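The lines below spell out each chain.
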Amino acid sequence: MKKAILFGASGFVGSYLLNDLLYSDFYDEVTIVVRKPLNIQHPKLRMLLSDYQNLPQNKSYLVADDVFIALGTTKKKTPDQKEYYQIDHDYPVLAAELTQANGAQSVLLVSAVGANADSSIFYVKTKGEAERDIIALNFEHTHIFRPSMIMGNREESRPMERLFIKAFSVINGLLIGGLNKYRGISAQRIAKAMIAAAQRKDDQLKIYHWEEMQKLIK
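Now for a description of the structure that goes with this document. (Residues numbered from 1 in each chain as written. Predicted model: local features only at pLDDT ≥ 70, side-chain atom pairs only at ≥ 80, totals over all residues. Heavy atoms only, no water.)

### Digging into the packing of helix 1 (residues 12-22) against helix 5 (residues 187-198)
Okay, so step 1: Two elements in contact, helix 1 and helix 5, have axes separated by 8 Å at closest approach and are oriented at 50°. Classed by the angle they form, the pair helix 1 and helix 5 counts as oblique. The crossing of helix 1 and helix 5 is right-handed. Of the residues in helix 5, those in contact with Phe12, Val13, Tyr16, Leu17, Asp20 and Leu21 of helix 1 are Ala187, Gln188, Ile190, Ala191, Lys192, Met194 and Ile195.
Okay, so step 2: Across the contact of helix 1 with helix 5, the residue classes break down as 10 nonpolar, one polar and two charged. (Axes fitted to C-alpha atoms, helices over the stretch in contact; angles between N-to-C directions. Helix = DSSP H or I, 4+ residues; strand = E, 2+ residues; numbered from the N terminus. Parallel < 35°, antiparallel > 145°, perpendicular 65-115°, else oblique. Left-handed = near helix turned anticlockwise from the far one by under 90°. Contact = heavy atoms within 4.5 Å. Nonpolar A, V, L, I, M, F, W, Y, C, P; charged D, E, K, R; others polar.)

Given below as structure tokens:
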């Protein structure tokens, strides 16, 4: 019986991931780790109420073959850099460590284009350090997804982001060659690419930008 576990199910990409995981023939059981109950029921679904602070106490429930991590915040929502780092770095790394200890073979992480642990830009550096530390765990299969602008309709109001999405809808076609990794991609397509990647067992480490994600779901 194939099992998946998802961290970040209430987020933009995570919500699409959850839906696709539940309706995928590839998985018989899907566990989500959330701080508050989600209003969703499904025969495959197991819901664990937990957060970063008490996750180690719930280690025995973190059992899966494939681990999907779509955790993240924004500067507006989390202005304190220490808390921001905990959500974007510490929590993903801890989730990967605990699930790997329970036998998980594959980890799939939503990161960001340009992620670089050596960057002087806090956001880029944080994403890069999360990648670095999860890669260092040496899962049998590690899949890193680096989207640029994540497109689609969010439930929460983000006026500035909507403007950027409209702009990307216009300039996407101009980003060709080496620039195509900066193309916007919908949260729905990211989720589909992640599930497709989980079924591939030919790479120990694979990093996906826009073009690689598109190829996965053609």
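### Observations regarding helix 3 (residues 122-135)
Okay, so step 1: A rise of 1.5 Å per residue sets the reference length of helix 3, with its 14 residues, at 20 Å; its end C-alpha atoms lie 20 Å apart and thus fit the reference within 8%.
Okay, so step 2: All of the buried residues along helix 3 are Val124, Thr126, Lys127, Gly128, Glu129, Ala130, Glu131 and Ile134.
Okay, so step 3: Structurally, helix 3 contributes buried residues whose contacts are with strand 4 (66-69), helix 2 (81-101), strand 5 (106-110) and strand 6 (141-145). (Expected span 1.5 Å × (residues − 1). Buried < 20%, exposed > 50% of the residue type's maximum accessible area, 1.4 Å probe, protein only.)

### Things to note about the pairing of strand 2 (residues 29-34)
Okay, so step 1: Of all six residues in strand 2, six are buried; the element is thus mostly enclosed.
Okay, so step 2: Residues Glu29, Thr31 and Val33 line one face of strand 2 and the alternating positions Val30, Ile32 and Val34 line the opposite face, and both faces are buried.
Okay, so step 3: Sheet topology places strand 1 (residues 3-7) next to strand 2; five bridges connect them, and they run parallel. Paired with Lys3 across the strands is Glu29, a residue of strand 2.
Okay, so step 4: One crossover worth recording links strand 1 to the parallel strand 2 by way of helix 1, and it is right-handed.
Okay, so step 5: Pairing of strand 2 with strand 3 (residues 45-49), which is carried by five bridges, proceeds in the parallel orientation. Paired with Thr31 across the strands is Arg46, a residue of strand 3. (Pairing = 2+ DSSP bridges. Right-handed = clockwise from strand over helix to strand, strands pointing away.)

### Points about the nonpolar core
Okay, so step 1: Membership of the largest hydrophobic core comes to 34 residues, with the highest contact counts inside it found for Leu17, Phe68, Phe145 and Met194.
Okay, so step 2: Residue assignment for this core shows that the elements contributing at least two residues are strand 1, helix 1, strand 2, strand 5, helix 5 and helix 6 (210-216).
Okay, so step 3: No other element matches helix 5, which puts nine residues into this core.
Okay, so step 4: Not counting residues up to four positions away in its chain, the partners in contact with Leu17 are Leu6, Phe68, Ala70, Ala191, Met194 and Ile195. (Core = buried A, V, L, I, M, F, W, Y, C linked by side-chain atoms within 4.5 Å.)

### Comments concerning the side chain of Ser24
Okay, so step 1: By the element assignment, Ser24 lies in the loop between helix 1 and strand 2.
Okay, so step 2: Residue Ser24 is classed as buried on the basis of its relative accessible area, which comes to 12%.
Okay, so step 3: A distance of 3.0 Å separates the side chain of Ser24 from the backbone nitrogen of Phe26, its partner in a polar contact.
Okay, so step 4: Leave out the neighbours within four places in its chain, and Ser24 touches Lys44 and Ile195. (Polar contact = N/O pair within 3.5 Å; in protein donor to acceptor, adjacent residues only side chain to side chain.)

### Points about helix 5
Okay, so step 1: Over its 12 residues, helix 5 extends 17 Å from the first C-alpha to the last, a length consistent with the 16 Å expected when each residue adds 1.5 Å.
Okay, so step 2: Where burial is concerned, most of helix 5 is hidden: nine out of the 12 residues are buried.

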